[in-house]
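So the chains spell out like this:
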Amino acid sequence: MSALDSIDSLLFSLARAFCTPLAVFIQIQGCMICLILALGWACAAYVRNREIKRMKDGMRCGNSFSFLCHDISELEHSNQIKLPRVTVVMPLKGFGEHNLLNWRSQVTSLYGGPLEFLFVVESKEDPAYHSVLRLLQEFKDDVDAKVVVAGLSTTCSQKIHNQLHLEDINCASFVKVGVENMHKDSKYVLFLDDDVRLHPGTIGALTTEMEKNPEIFIQTGYPLDLPSGSLGSYCIYEYHMPCSMGFATGGKTFFLWGGCMMMHADDFRLDRYGVVSGLRDGGYSDDMTLAALAGAHNRLITSPPVAVFPHPLASDLSFGRYWNYLRKQTFVLESYISKVNWIMNRALFSSHCYLSWGFAAPYFMALIHVAAVLRIYGKGYSLEETNITSGGLLLVSCLAICTFTELLSMWNLTRIEVQLCNMLSPEAPKLSLATYNWVLVFIALVVDNFLYPLSAFRSHFSQSINWSGIRYHLKNGKISKIERSKDMGPKFTDLGGKHLYGKKGAPPKVSFLSSLARSLAQWRQPKKFDV
């Protein structure tokens with residue numbers, strides 16, 4: 001028997017195995033996952049399209065500022081002076097190609113109430129420090145903004161440390177120190193990542209919802225990823241898409257995106273629900289920690305339909321940087337603040353891994369079915385000779401139809417998001433759906449779902465992660481050790497491609513394989529934690 005005949009025999013055996021009841025169940029399950037995702041995206045598209053129609057109706061009725069508010073009378077001076085003060089806190093790290101445009105969109109908000117901006121950096125050596133100073137000099141006295149140097153974190157992630165500015169904190173004074181840079185009259189605090197591109201009316205829309213319903217704990221939003229063309233960027237676009245289904249609930253959502261969170265300032269001043277202490281004492285992920293607190297205290301997380309933000313990805317975003325980002329996202333499931341939170345994270349870990357491979361496996365099976373049929377007709381075999389039924393092709397056809405339905409729903413939601421963003425920012429360069437490559441979107445769907453469980457298991461067994469040159473070690477769900485070394489980390493951030501160091505502090509260039517080998521070596525080392 002030739003080698004090719006042996007391959008054919010193996011191929012036909014796999015095709016027969018993939019027609020067994022268990023295999024058929026897996027393939028039908030994959031089709032159902034596609035249809036459920038398509039339905040969720042269709043509902044989210046309906047909610048956002050309703051907002052577009054509302055804005056168009058307002059324009060036809062003479063409200064040229066419908067992208068700012070529903071009722072043009074809200075822009076009258078008598079109403080504007082009643083708006084509450086908002087403090088916007090932006091923890092910064094590094095400087096990249098999109099940062100200036102993002103920061104400019106944040107400080108040029110058309111919110112009519114008192115507004116202050118706090119740009120928080122780890123140190124003056126951060127490339128973001130001098131860049132944001134130059135930007136603020138352009139506005140001078142037109143914007144109430146300042147740059148705050150927070151120093152190094154010791155008990156939590158650097159991002160959380162920058163958000164709270166927890167220098168020299170102790171149990172007796174943490175409330176005072178944590179909000180020392182916030183204006184005493186601020187009613188709300190808005191946390192933004194530096195890669196968020198706001199619309200002129202975003203802060204006003206978030207504040208309006210908070211004023212309407214004081215029971216809201218957190219107002220959030222979601223990114224509209226703008227892929228740069230690489231497979232890694234499309235994998236990130238696909239990874240964020242399920243979060244968009246939070247809009248399908250009509251406001252209330254179970255998805256909390258750490259890139260945009262508006263909260264009551266008094267929640268931090270008074271440490272309500274353990275907000276500050278939960279973040280401060282070993283917190284790794286701000287959004288997961290706050291989501292856990294919201295669930296524990298039955299607090300409400302909502303998102304208005306207009307809270308969707310253009311999120312341009314780095315033009316040189318490699319697949320290796322996507323993998324690093326995925327590692328950081330799966331690592332958040334290893335952090336927790338309570339036993340109930342641990343159980344919820346384990347349930348999310350198990351279900352996400354199961355569903356991800358449940359989504360990806362049918363495509364491998366379909367590939368085997370198609371390859372077997374091609375070999376049969378190519379070599380002139382009969383179905384009786386190979387004992388292969390036509391059931392395999394039927395399953396492939398069903399999967400193809402469900403996949404097309406899913407991609408169509410994803411395309412429609414992205415189309416509506418692009419239109420909504422263009423209407424919410426009429427002064428900004430227009431976004432276009434034509435830049436999306438839907439073949440790469442399909443490949444990213446399969447690749448991302450295949451890699452997610454691998455990344456999740458890697459995070460579970462390592463209990464450590466390198467985030468922008470800082471290695472965090474977890475113990476009992478909290479950060480127990482922090483290691484800093486410019487030689488151990490990347491030169492750029494994962495999504496925005498931001499420079500993390502100045503010229504003097506830049507680490508030597510290493511290949512992706514070298515980085516992977518070093519990561520594997522660190523994984524195999526025994527875990528050591530500080531007591």
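Residues numbered from 1 in each chain as written. Predicted model: local features only at pLDDT ≥ 70, side-chain atom pairs only at ≥ 80, totals over all residues. Heavy atoms only, no water.

As annotated in an unreviewed UniProt entry, the protein is Ceramide glucosyltransferase from Citrus sinensis.

Quick word on the pairing of strand β11 (residues 470-475)
Applicable threshold: Buried, partly exposed and exposed residues are distinguished by accessible area as a fraction of the type maximum, computed with a 1.4 Å probe on protein chains only: under 20%, between the cut-offs, and over 50%, respectively. A helix here means a DSSP run of H or I that spans at least four residues, while a strand means a run of E at least two residues long, and both kinds are numbered starting from the N terminus. Pairing between two strands requires that DSSP report at least two bridges joining them.
The element β11 is largely enclosed, with a buried count of 5 among its 6 residues. Two strands pair when backbone bridges link them, and strand β10 (residues 464-467) and β11 are joined in this way by 4 bridges, in the antiparallel orientation. Following the sheet pairing, N466 is matched in β11 by R471. Counted between consecutive antiparallel strands, the loop separating β10 from β11 contains 2 residues, among which S468 sits at a positive phi close to 55 degrees. Looking at chain direction, β11 and strand β12 (residues 478-484) are connected through 6 bridges and run antiparallel.

Details of the packing of aromatic side chains
Basically, it comes down to this: Only rings of Phe, Tyr and Trp enter the pairing, Trp through its six-membered ring, and a pair is recorded when the two centres are within 6.5 Å. The plane angle decides the type: under 30 degrees is stacked, over 60 is edge-to-face, the rest tilted.
Applying the stated criterion to the full structure yields 21 aromatic pairs. With 5.6 Å between their ring centres and 90 degrees between their planes, F217 and Y273 make a pair best called edge-to-face. In this pair, F217 is assigned in strand β5 (residues 216-220) and Y273 in the loop between α10 (265-269) and α11 (275-280), connecting sequence segments 56 residues apart. Taking relative accessible area as the criterion, F217 reaches 1% and is therefore assigned buried.

Details of the pattern of salt bridges
So the rule is basically this: By definition, a salt bridge exists where a carboxyl oxygen of Asp or Glu is found within 4 Å of a side-chain nitrogen of Lys or Arg.
As enumerated under the stated definition, the model contains 17 salt bridges in all. Here D267 and R272 are joined by a salt bridge, their closest N and O atoms 3.2 Å apart. A residue is classified by how much of its surface remains accessible, and D267, at 2% relative accessible area, is buried. The class of R272 is partly exposed, set by a relative accessible area of 34%. Members of the salt-bridge network, linked through shared partners, are K159, D193 and D286.

So, the packing of helix α9 (residues 231-240) against helix α17 (residues 438-462)
The following threshold applies: Helix axes are fitted only over the stretch in contact, all axes being lines through C-alpha atoms; the angle between N-to-C directions runs from 0 to 180 degrees. Relative orientations are named as follows: roughly parallel for angles under 35 degrees, roughly antiparallel for angles over 145 degrees, roughly perpendicular for angles from 65 to 115 degrees, and oblique for any other angle. By the convention used here, residues are in contact when the closest approach between their heavy atoms is within 4.5 Å. Each residue is assigned to one class: nonpolar for Ala, Val, Leu, Ile, Met, Phe, Trp, Tyr, Cys and Pro, charged for Asp, Glu, Lys and Arg, and polar for all the others, Gly among them.
Close contact between α9 and α17 brings their axes to 8 Å; oriented N to C, the two are set at 70 degrees. When the interaxial angle is binned, α9 and α17 end up roughly perpendicular. The segment α9 lies against α17, with L231, Y234, C235, Y237, E238 and Y239 engaging W438, L440, V441, I443, A444, L445, V447, D448, N449 and Y452. Classifying every residue of the contact of α9 with α17 by side-chain character gives 13 nonpolar, 1 polar and 2 charged.

Some thoughts on the packing of helix α14 (residues 339-379) against helix α16 (residues 391-424)
Counted only if it meets this: By convention the crossing between two helices is left-handed if the near helix lies anticlockwise of the far one by an angle smaller than a right angle, and right-handed if it lies clockwise.
The N-to-C vectors of α14 and α16 enclose an angle of 135 degrees; their axes lie 9 Å apart at closest approach. Overall, the two elements α14 and α16 adopt an arrangement that is oblique. The hand of the α14/α16 crossing is left-handed. Contacts between α14 and α16 involve F359, P362, Y363, A366, H369, V370 and V373 from the first element and G392, L393, V396, L399, T403 and E406 from the second.

Here's the deal with the sheet that holds β10
Note: strands within a sheet are paired through backbone hydrogen bonds, in either parallel or antiparallel orientation. The strand order across the open sheet built from 3 strands is β10-β11-β12, with neighbouring strands paired in antiparallel fashion. Lying at the two open borders of the sheet, with one neighbouring strand each, are β10 and β12. Taking each pair of neighbouring strands and ignoring which way they run, the sheet shows an average axis angle of 25 degrees.

Regarding the sheet that holds strand β3 (residues 145-149)
Taken together, 7 strands build an open sheet; the order of strands is β3-β2-β1-β4-β7-β5-β8 and the sheet is mixed. Only two strands of the sheet have a single neighbouring strand rather than two, namely β3 and β8 (300-302). Pairs of neighbouring strands in the sheet enclose a mean axial angle of 20 degrees, with direction left out of account. Where strand β1 (residues 86-91) lies against strand β2 (residues 115-121), 6 bridges are found, and the strand directions are parallel. Residue pairing across strands places T87 opposite E116, the latter belonging to β2. Across the sheet, helix α12 (residues 286-296) is in contact with β5, β7 (260-264) and β8; its angle to β7 comes to roughly 45 degrees.

Focus: the side chain of H161
As a reminder of what qualifies: Pairs of N or O atoms within 3.5 Å make up the polar contacts considered here, provided that, within protein, one atom can donate a hydrogen while the other can accept it, and that residues adjacent in sequence are counted only when both atoms are side-chain atoms.
Among the secondary structure elements, H161 is positioned in helix α6 (residues 158-164). A polar atom in the side chain of H161 sits 3.3 Å from the backbone oxygen of G151.

Some points on a nonpolar patch on the surface
To be explicit about the condition: Every patch collects residues that have over 30% relative accessible area and no salt bridge, joining them within 9 Å if they carry like charges and within 5 Å if they are nonpolar side chains (Val, Leu, Ile, Met, Phe, Trp, Tyr). Residue exposure ignores everything except the shown protein chains as possible cover, and the areas themselves are Shrake-Rupley values with a 1.4 Å probe.
Where nonpolar side chains cluster on the molecular surface, the patch consists of W357, F450, L454, F457 and F461 and spans about 490 Å² of accessible area. Tallying contributions element by element places α17 first for the nonpolar patch, with 4 residues. On the accessibility criterion, W357 (36% relative accessible area) is partly exposed.

A word on empty space enclosed by the protein
Note the following rule: Lining residues are those with an atom within 4 Å of a point, where the points come from a 1 Å grid over the protein atoms alone and group into cavities, where a 1.4 Å probe fits but cannot get out, or pockets, open sets with protein on both sides within 12 Å along at least five of seven lines. Grid points are joined across faces, edges and corners, and a volume is the space filled by probe spheres set on the points.
In total, this model carries 4 cavities of 30 Å³ or more according to the counting rule given. Here the second largest cavity is characterised by a volume of approximately 80 Å³. Lining the second largest cavity are 15 residues, and of these T289, S335, Y336, I337 and G477 lie nearest its centre. Of all elements in the fold, only α12 and α14 reach the threshold of two or more residues within the lining of the second largest cavity. Tallied by class, residues from the lining of the second largest cavity come to 4 nonpolar, 9 polar and 2 charged.

Section: the environment of V276
Counting through the fold element by element, V276 comes out in helix α11. Remark: the alpha-carbon pair of V276 and L164, spanning 112 residues in sequence, is separated by 7.8 Å.

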